[in-house]
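Close look at the chain arrangement
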Amino acid sequence: EPEVTQTPSHQVTQMGQEVILRCVPISNHLYFYWYRQILGQKVEFLVSFYNNEISEKSEIFDDQFSVERPDGSNFTLKIRSTKLEDSAMYFCASSEWTGGWNEQFFGPGTRLTVL
Amino acid sequence: GIQVEQSPPDLILQEGANSTLRCNFSDSVNNLQWFHQNPWGQLINLFYIPSGTKQNGRLSATTVATERYSLLYISSSQTTDSGVYFCAGGANAGGTSYGKLTFGQGTILTVHP
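These lines cover the structure that appears in this document, whether it is placed above or below. Fair warning: this is a prediction, and the values are worked out from it, not measured in the lab. (Residues numbered from 1 in each chain as written. Chains lettered and ligands numbered in written order. Predicted model: local features only at pLDDT ≥ 70, side-chain atom pairs only at ≥ 80, totals over all residues. Heavy atoms only, no water.)

Now for the overall build of chain B. A tally of regular secondary structure across chain B gives 0 helices and 11 strands. Along the chain direction, N to C, the helices and strands of chain B fall in the order β-β-β-β-β-β-β-β-β-β-β. On C-alpha atoms alone, chain B measures out to a radius of gyration of 14 Å, which is about the 13 Å that the 2.2 N^0.38 rule sets for 113 residues. Counting only C-alpha atoms and orienting by the principal axes, one finds that chain B spans roughly 50 × 25 × 20 Å. Residues counted as buried form 49% of the 113 residues belonging to chain B. Within chain B, contacts between residues separated by at least 24 positions form 56% of all contacts whose residues are at least 6 apart in sequence. If you sum the accessible surface of chain B, you get close to 5,300 Å²; carbon and sulfur atoms cover 49% of it. If the 5 positive side-chain charges of chain B are averaged to one point and the 6 negative ones to another, these points end up 8 Å apart. (Helix = DSSP H or I, 4+ residues; strand = E, 2+ residues; numbered from the N terminus. Rg over C-alpha atoms; globule rule 2.2 N^0.38 Å. Buried < 20%, exposed > 50% of the residue type's maximum accessible area, 1.4 Å probe, protein only. Contact = heavy atoms within 4.5 Å. Areas by Shrake-Rupley, 256 points an atom, 1.4 Å probe, with all protein chains shown as cover. Lys, Arg positive; Asp, Glu negative; His and termini not counted. Charge placed at Lys NZ, Arg CZ, Asp CG, Glu CD.)

Listed below in structure tokens is the structure:
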């Protein structure tokens, strides 16, 4: 069964460093998302991406964040200068787009720890 | 955006018991999903259920879209059912939303042997 994959599973970084989280969405999916979950809290939407551009972003997704689809399979989230409060689990998701709303399939997550 | 509220926040059961988890949303939704977050933090898709009823083994879900709520039923609970259950809804507000899911705070389920 097709699934969304994410790498790395864990990332530890120093405050101020840049990190890139990687995702491989399901191959025939056209919509891609990033969500995050701070420990003990609910999952929060960051950004959605379609047709090589951002469709929607939340207040959390400020200038420190960027997304890219560098090739036909990968979807990345970059945090330019990490802060302690960026420590969280980051989930990538993808869905088909047939003109309506479709089920989103989530990857296993990347746990980011900023020291 | 829509608001999603889940109840109860915590639930403790003995193995074999049945339970009902509830999700209320503030507006009509185009997407409604239930997830189980396992001890490793992974979100496991349980149901995609913007309306109607679905069943998968011991789990079933019902969404009454007109009344803006969804229910997740767990029958004959097992210790492996323990974890956090999230519902998440999405609404195409004025055609400006493109799939954003808003999650509830979750229900923490603990099943004792």
